[in-house]
Amino acid sequence: MSSRGVFITGTDTDAGKTVASAALVHALRRGGRRVVGMKPVASGCESTPDGWRNADALALQAASDPVPAYALVNPVALRDPTAPQLAARAVGAHVTLPPLLAAYRDLAAMADQVVVEGVGGWLAPLADELDQSALVKALDLPVILVVGLKLGCLNHARLTARAIAADGCRLLGWIGSTVEPGFPPAYLDLVHAALPVPCLGVLPHAPGASAAERAASLLAR
Ligand SMILES: Nc1ncnc2c1ncn2[C@@H]1O[C@H](COP(=O)(O)OP(=O)(O)O)[C@@H](O)[C@H]1O
Ligand SMILES: [Mg+2]
């Protein structure tokens, strides 16, 4: 992976994007590289004395080395655990690209690589009239698709790969995350055959595993 950054999308919400992104940060940190995570727009935050905090962003911040300020990891933190459009409306926020781009540039300046987690699936908007593809294009990021391995993911994976190409973005590879135990190997073979890009690893079903432990399944040397 030569690019400075990569955008992580998924077959759906709960596909394993955060799990895979945090593991990828650790995998990319091998050899002493400085790698940080980012969740540009997050909906679903807890109130803390330091401000709103989102679990995905905290996981990515914790995986990062160096550890960036929270506001850079997650410049837009919206309270309600719903679609970002609705969460923004609830607090009268207007989400636009420039603050997201500025935070990314600051992260890129402190790290060798930046792993950027999107919201939901590829076509989930970041805001009214703001698709994720606009952010991906503005940052010129290649995309990694996290396939949440469960029945139906073949359809979602193929649709997503097509949509990424149709939006003029570049799919770099995919990561499988075994969100449910007992996923049939024969079905996994179909996913391998269906996607036109390399598989960067398959995360086994491991409910209690740490991001560092999961990294062993990614980017096999
Ligand atoms: N490989 C895995 N093994 C066990 N649980 C997983 C795995 N991948 C994801 N999960 C679980 O599935 C849920 C959704 O994962 P998450 O990474 O939060 O998805 P997303 O970021 O796409 O919404 C979480 O509870 C997470 O712990
Ligand atoms: Mg997530």
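Before any of the text, the structure's been laid out above.
The residue count restarts for each chain, going from 1 along the sequence in the order it is written. To read the labels, note that chains go from A and ligands from 1, taken in the order they are written. Only residues with pLDDT of at least 70 get local features here, since the model is predicted, and only at 80 or more are side-chain atom pairs given and counted; chain-wide, interface and lining totals rely on the full set of residues.

Chemist: Quick question: what am I supposed to make of the site of ligand 1 here?
Modeler: Note on definitions: a residue is near a molecule or strand provided its C-beta atom, placed from the backbone, lies within 6 Å of it. Around ligand 1 sit 16 residues in total, of which G16, K17, T18, V19 and S177 are the nearest. Helix and strand assignments come from DSSP, with helices taken as H or I runs of at least 4 residues and strands as E runs of at least 2, each series counted from the N terminus. When residues of the shell around ligand 1 are assigned to their parent elements, the largest contribution, 3 residues, is made by helix α1 (residues 17–28). Residues are sorted three ways: Asp, Glu, Lys and Arg are charged, Ala, Val, Leu, Ile, Met, Phe, Trp, Tyr, Cys and Pro are nonpolar, and all the rest, Gly among them, are polar. A breakdown of the residues in the shell around ligand 1 according to their chemical character gives 6 nonpolar, 7 polar and 3 charged.

Chemist: Just to check I follow, could you spell out the environment of P125 for this structure?
Modeler: Considering the arrangement of structural elements, one finds P125 in the loop between β7 (113–121) and α6 (132–139). The exposure class of P125 is partly exposed, given the 18 C-beta atoms found within 10 Å. Here, residue contact means that the backbone-derived C-beta atoms of the two residues sit within 7 Å. In contact with P125, other than residues within four places in its own chain, are Q85, L130 and D131. Once C-beta atoms are placed from the backbone, each residue is buried if 20 or more other C-beta atoms lie within 10 Å of its own, exposed if 12 or fewer, and partly exposed for counts between those two.

Chemist: Whenever I open this one, helix α7 (residues 153–166) confuses me. Can you help?
Modeler: What sets the pattern is the α-helix's 3.6 residues per turn: residues three or four places apart point alike. A helix is expected to span 1.5 Å multiplied by its residue count minus one. In this model, α7 (14 residues) spans 19 Å end to end at C-alpha, consistent with the 20 Å of a helix rising 1.5 Å per residue. Those residues of α7 lying buried are C153, A157, T160, A161 and I164. Across the axial projection of α7, the buried residues extend over an arc of 100°, all falling on one side. Along α7, the residues that are exposed and aim more than 90 degrees away from the buried face are N155 and A166. Summarising the contacts, the buried residues of α7 are in contact with β1 (5–10), β7, β8 (143–148), β9 (171–177) and α8 (185–194). After α7 finishes, the residue G168 shows a positive phi value of roughly 80°. When we speak of the arc, we mean the arc of directions from the helix axis to the C-beta atoms.

Chemist: Is there a simple way to explain the packing of helix α5 (residues 97–110) against α6 in this structure?
Modeler: Geometry of a packed helix pair, given as the angle between the helix axes and the separation of the axes. As a packed pair, α5 and α6 sit with axes 11 Å apart at the nearest point and diverge in direction by 45°. With respect to each other, α5 and α6 are oriented oblique. Two packed elements cross with a definite hand, and for α5 against α6 that hand is right-handed. Contact residues: α5 offers L97, L100, L101 and Y104, while α6 offers A134, L135, A138 and L139. Considering only residue class, the contact of α5 with α6 consists of 8 nonpolar, no polar and no charged. Note on geometry: axes are C-alpha line fits, over the in-contact stretch for helices, and angles between N-to-C directions span 0 to 180 degrees. Here the angle decides the label: under 35 degrees means roughly parallel, over 145 means roughly antiparallel, 65 to 115 means roughly perpendicular, and every other value means oblique. Two helices cross in a left-handed way if the nearer one is turned anticlockwise from the farther one by less than a right angle. They cross in a right-handed way if the turn is clockwise.

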